[in-house]
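# Structure assessment
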Amino acid sequence: MTLDPTKIAELDRIISALIDAESPDAAKIDALVQILEESPEARDEYLERMGLHAMLHQQKDQYLTAEAILQAKTDVAMSPTAILWYQRRETAWAVALSLLLAIGFFAIYLSAGSSPIAQDDPAQPPAANADQLFLARITQLKNAKWRDEESLAIGRVLKPRRLELISGEAEITFDRGAAVTLVGPAAITLQSTSAATLHHGRVYADVPFPAIGFTIDTPTAEVEDLGTRFALNVSEAGDSDILVLEGEVRVGSRLGTDPHEQIVAVNQAVRVRMDEPAITPIDMPVGLSQQKPLDTFTSQSSVPYYLWRFDESDEVAQGTWREEGWNPGNRNFPATSEQEPDASGAVLHSVKGVFGRAIWMNGRGGYLKTELPGIAEDHPRTICFWVRIPQDATPEQAYSMISWGDWTTSGGKFQVGWNPRKFMPDGNLGAIRTEISGGYVVGTDDLRDGKWHHIAIVYLGGTEKETDGDIRNRIRMYVDGQLESLSSYRDGKVNTQVSEERNLVSFGQYRANPAAEQEFSTFNGSLDEMYLFDGALTPSQIYSLRRTNSPPAPTEIVPVRH
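The text that follows walks through the structure, step by step, so that each part is easy to find. (Residues numbered from 1 in each chain as written. Predicted model: local features only at pLDDT ≥ 70, side-chain atom pairs only at ≥ 80, totals over all residues. Heavy atoms only, no water.)

## Describing the overall build of the protein
Stated formally: For helices the rule is a DSSP run of H or I covering at least 4 residues; for strands it is a run of E covering at least 2, with both sets numbered from the N terminus onward. To sort residues, take the accessible area from a 1.4 Å probe on protein chains only and compare it with the maximum for the residue type: under 20% means buried, over 50% means exposed, and anything in between is partly exposed. Any two residues having at least one pair of non-hydrogen atoms within 4.5 Å are treated as being in contact. All accessible areas in this document rest on Shrake-Rupley with a 1.4 Å probe, and a residue is counted as covered only by the protein chains that are shown.
Within the protein, the regular secondary structure consists of ten helices and 30 strands. Expressed as a percentage of the 562 residues in the protein, the buried residues total 53%. Residue pairs in contact within the protein that sit at least 24 positions apart in sequence constitute 61% of those at least 6 positions apart. Accessible surface, the protein: about 23700 Å² in total, of which carbon and sulfur atoms supply 47%.

Have a look at this one:
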């Protein structure tokens, strides 16, 4: 859903004024309330910028809604002593935090803890073999030489492990989105998708909004990102210098019985020494302040992609939506309206989308087919699109947002829908579900709320041996820019079978054996800006695509190597 740019600018000005104020400004809050009252789109935009999932343990049920703010204005007296902690205007969660503090409501939501799991939701799967799961990729190198002559090329997928860079530079991109440039000589241990330990050497960290909370430990300090760019240097003795280049970080001392911590803002630098637990301000270190990220990866070959905007049906061929991507043969693969043999009252039509128009399906047998065979075998791929699922969508209407391949072959199909829990009651109901013939992964968040959500599915490629036979090592799912944790999964190999004549890419059609097909109709909901890339996008590319609707250049898609 888009909002008029002038309204966005006005919203930004009010938010910035509230953040910069030393005490709450009732007039500014009144102006914000007026915008929220007048425009549902403004409320959606406000919620988008709040990003409270990063602060409230990523639990959607704890979001303070725009409607709650309107109610709170009349029900709760504003605290004159509220503290506006953070000054970075671009950091959405800090904006939300400041506003929540201003109306005296934030403590209530922090004390609420994690939202309860619905009674019929299954227990989360155990984090078994977590040390065997990939969590990052090497996305750029410059004159890099690794210890023991280890071959770590661009595109290498990494498990939790220690890396030692003798010389040169290497960019490591974590699955949650943080990109860390390691400058040799240096040693770092990758711990999780949101944490690492720098033993010695320099790093430059660029942490986009979805990865807020990314943490780097050192022998003396803990550095937690608050949505920013920062540089960090650890000497051989273990002393740590931290310089904030944009935004803010939280620095905590790991020494002493009385731990220290403080917020370090842009253009500030601090040091934590091995022989002293205090966090000491220092002058801007020249070497760190001049540290820059590596240039964007570029390849001599271009990665094809396919794009259905669903803006307008073709004027000549009604019920047909053109495809606007790029492929070497300049072929076009339009999407054409079709119906299942037993369709009853099937309707597909154009509705307002996130960018321009979108396609709406009523789940009664209508779908779209193309002549695109899809991406074959175990080749990497990325699917990105916007989806809006009505609250009253039934499990029979869960399939599929996009699908292709042969369901009769083990691993032969590739299909994305939402989890209906119709046959097997596992995984969270309504969460994004990517499945192959014989295996699947299920996300966490219920998408059936009648709102637009951005979905990205990344298949990293690789054989069963290369990925330790674990489907979690091959598929990443992102909802609204955030990496989804899994509520359920079943292992299976990906071996997508494509053909020029059948099993082609379709939108809204369930792909399964006839007996299972009888249990489902077709997809109910709206789709917009459907991208299919013949390669694996990085989290930052997914985040940029979501915000701008502009794909990366075909030469900027990093290859995947195991």
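## A few points about the pattern of salt bridges
How we decide: Any carboxyl oxygen of Asp or Glu that lies within 4 Å of a side-chain nitrogen of Lys or Arg is treated as forming a salt bridge with it.
For the structure on display, the rule yields 19 salt bridges. In this structure, the salt-bridge partner of Asp446 is Arg448, at a minimum N-O distance of 2.7 Å. Overlapping salt bridges bring together Glu222, Glu224, Arg250 and Glu261 as one network.

## Concerning the packing of aromatic side chains
Going by this rule: Ring pairs shown here join Phe, Tyr and Trp side chains whose ring centres sit within 6.5 Å, with only the six-membered ring taken for Trp; geometry is labelled stacked below 30 degrees between planes, edge-to-face above 60, and tilted in between. Sitting over a ring, as applied to charges here, requires NZ of Lys or CZ of Arg to be within 6 Å of the ring centre and within 35 degrees of the ring normal.
Across all of its chains, the model carries 13 aromatic pairs by this definition. Residues Phe310 and Phe507 carry aromatic rings whose centres are separated by 5.8 Å and whose planes lie at 85° to one another, so their mutual orientation is edge-to-face. With Phe310 in the loop between β14 (305–308) and β15 (320–321) and Phe507 in strand β29 (residues 506–507), this residue pair connects regions lying 197 residues apart in the sequence. The burial state of Phe310 is the same as that of Phe507; both residues are buried. Relative to Phe520, the ring of Tyr510 lies with its centre 4.7 Å away and its plane at 50°, an arrangement referred to as tilted. Note that Tyr510 is positioned in the loop between β29 and α9 (514–517) and Phe520 in the loop between α9 and β30 (524–533), a separation of ten residues in sequence. Side by side, Tyr510 and Phe520 carry an identical accessibility label, which is buried. In this structure an aromatic cluster arises from ring pairing among Tyr305, Tyr531 and Phe533. Across from the ring centre of Phe414, 4.7 Å away, lies the NZ or CZ of Arg381, which sits over that ring. One Lys or Arg, Arg433, reaches over the ring of Tyr440 and ends 4.2 Å from the middle of that ring.

## Considering unusual backbone geometry
The residue after Gly184, namely Pro185, is reached through a cis peptide bond having omega 0°. You can see Pro185 is positioned in strand β4 (residues 179–192). With omega at -25°, the peptide bond leading from Tyr399 into Ser400 counts as cis. By secondary structure assignment, the location of Ser400 is in the loop between β20 (381–388) and β21 (402–405). Look at Asn143: it is not a glycine, yet its phi comes out positive at around 55°. With respect to the helices and strands, the residue Asn143 is situated in strand β1 (residues 136–146).

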